[in-house]
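# Chain and residue survey
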Amino acid sequence: MLEFLGRLLGTSDGSKTKAKERLRLVLVHDRSSLSPGLLESLKEDLIKVISKYMDIDESGLEVNLDKSDDSVALVANIPVKNVKRQGKGK
Amino acid sequence: MGKVIVITSGKGGVGKTTTTANLGHGLAALGRKVCLVDADIGLRNLDVVLGLENRIVYHLLDVVEGNCTVSKALIRDKQHGENLVLLAAAQTREKDAVNPDQMRDLMKVLRKEYDYVLVDCPAGIEQGFRNAVAGADQAILVTTPEVSAVRDADRIVGLLEATELHDPQVIINRIRPDMVRRGDMLDISDVDDFLRIPILGIVPDDESIIVSTNRGEPVVNDQRSRSGQAYRNICRRLEGQEVPFMDLQGENFMQRLLRRIRVGAANR
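This is a predicted model, so every value here is computed, not measured.

Attention now moves to the environment of N67 of chain B. All names here are of chain B. Tracing the sequence through the fold places N67 in the loop between α3 (60-64) and α4 (70-73). On the neighbour-count criterion, N67 (12 C-beta atoms within 10 Å) is exposed. Separated by 100 residues in the primary sequence, N67 and D167 have C-alpha atoms spaced 36 Å apart.

So this is what it looks like as structure tokens:
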């Protein structure tokens, strides 16, 4: 009865809200699966940028997308060999 | 030189074939020469929706394999004659019997003769999909306001970006205004927010589609039907005309209130 009143007044949410939320999550996950090629070029670009500021161990570089229930994070593990002196980096 | 448009969706059962048939009839009614190609090899249906199932002699694979000429395999429509023709799919073969290069060559031939070549794509993202999009200049996505259909459409948008087919447009099919109003169905702006591609048209859910499909006569020819009107609007948009979207919510406050009371009472 409460739901009926809510709907009569247009205040209660229909199942659309649920559908939108589920669709949002599904699409975040679907879209986050990077192709191997894309991941490789992302790695190369990361190396280029970070190398301006520090020496890194390129072979130990790891880049992954970390998916949890309601979010996706880009996680990069980059071993640093040496940090360049300030002022010297471009 | 005509335009080759592939009609695709990812998910099955959202209305690709019905859309192809109706756009074909609608464009022919506007005076265009149209060729419809059923690329769903092994599961052909476009012939049935068009009511041409008894006329098929040759099919797409006969043409590709050189068993007959293109013109011999094209079936003329009952109503529009040589201005609307169908190239049927093979029913007893599999999707990998043809490859994208062969489809590209076929489209080159067809686009010389016709203003529009509409390709009805099979569901899925495998070989059949790759064949259907090969040689197309443009893609129309069909989706329904459901989580699964929009999700699959989004996947197709991504796959199309990887091919030479950019800028797909979407038709949102089977909208139920009463459910949208109640908040129980995704509306046009919701789907738009997710897909972010231009909307070519919106088609209301309509019983007359089922009736017309039973008869093998596309609903676009039915002047009284709402969905027929929606397809006629889409055809005019394809022709470059500016046509506003149908008002699916055309009710005043009292009608809406009465409907809510009825729906509310039914749900109790």
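Text resumes after the structure shown.
As a further point, take the packing of helix α2 (residues 15-31) of chain A against helix α7 (residues 147-162) of chain B. The geometry of α2 of chain A relative to α7 of chain B is characterised by a closest axis approach of 10 Å and an angle of 25° between their N-to-C directions. Considered as vectors, α2 of chain A and α7 of chain B are oriented roughly parallel to each other. α7 of chain B is crossed by α2 of chain A, and the crossing has right-handed handedness. Judged by residue contacts, A19, R22, L23, V26, L27 and D30 of chain A of α2 of chain A engage V147, V150, R151, D154 and R155 of chain B from α7 of chain B.

Turning to the pairing of strand β2 (residues 34-38) of chain B, a few remarks are in order. Residues and elements named next belong to chain B. With 5 of 5 residues buried, β2 lies mostly within the body of the structure. Every second residue of β2 is oriented toward a common face, with V34, L36 and D38 on one face and C35 and V37 on the other, all of them buried. Note: β2 against strand β4 (residues 81-87), 4 bridges, orientation parallel. Bridging across to β4, V34 finds its partner in L84. Sheet analysis places β2 next to strand β5 (residues 116-120), joined by 5 bridges and oriented parallel. Within β5, the position partnered with C35 by the bridge is V117.

On to the sheet that holds strand β1 (residues 3-8) of chain B. Residues and elements named next belong to chain B. Pairing within the open sheet is mixed, and its 8 strands lie in the order β3-β4-β2-β5-β1-β6-β7-β8. Of all the strands in the sheet, the pair left with one neighbour each is β3 (75-77) and β8 (199-204). Neighbouring strand axes in the sheet, compared pairwise and without regard to direction, differ in orientation by 25° on average.

With 93% of its residues at a pLDDT of 70 or more, chain B has an overall mean of 93. Both scores are available for the predicted complex, with the pTM at 0.81 and the ipTM at 0.81.

Before going further, it helps to examine unusual backbone geometry. All names here are of chain B. Phi angles above zero are rare outside glycine, and D167 is one such case at about 55°. Its location among the elements puts D167 in the loop between α7 and β7 (169-175). Positive phi values are uncommon outside glycine, yet R196 reaches one of about 55°. In this fold, R196 is placed in the loop between α9 (188-195) and β8. For R196, a count of 10 C-beta atoms within 10 Å gives the class exposed.

Calculation criteria
Residues numbered from 1 in each chain as written. Chains lettered and ligands numbered in written order. Predicted model: local features only at pLDDT ≥ 70, side-chain atom pairs only at ≥ 80, totals over all residues. Helix = DSSP H or I, 4+ residues; strand = E, 2+ residues; numbered from the N terminus. Buried ≥ 20, exposed ≤ 12 C-beta atoms within 10 Å, placed from the backbone. Axes fitted to C-alpha atoms, helices over the stretch in contact; angles between N-to-C directions. Parallel < 35°, antiparallel > 145°, perpendicular 65-115°, else oblique. Left-handed = near helix turned anticlockwise from the far one by under 90°. Contact = placed C-beta atoms within 7 Å. Pairing = 2+ DSSP bridges. pLDDT = per-residue confidence, 0-100.

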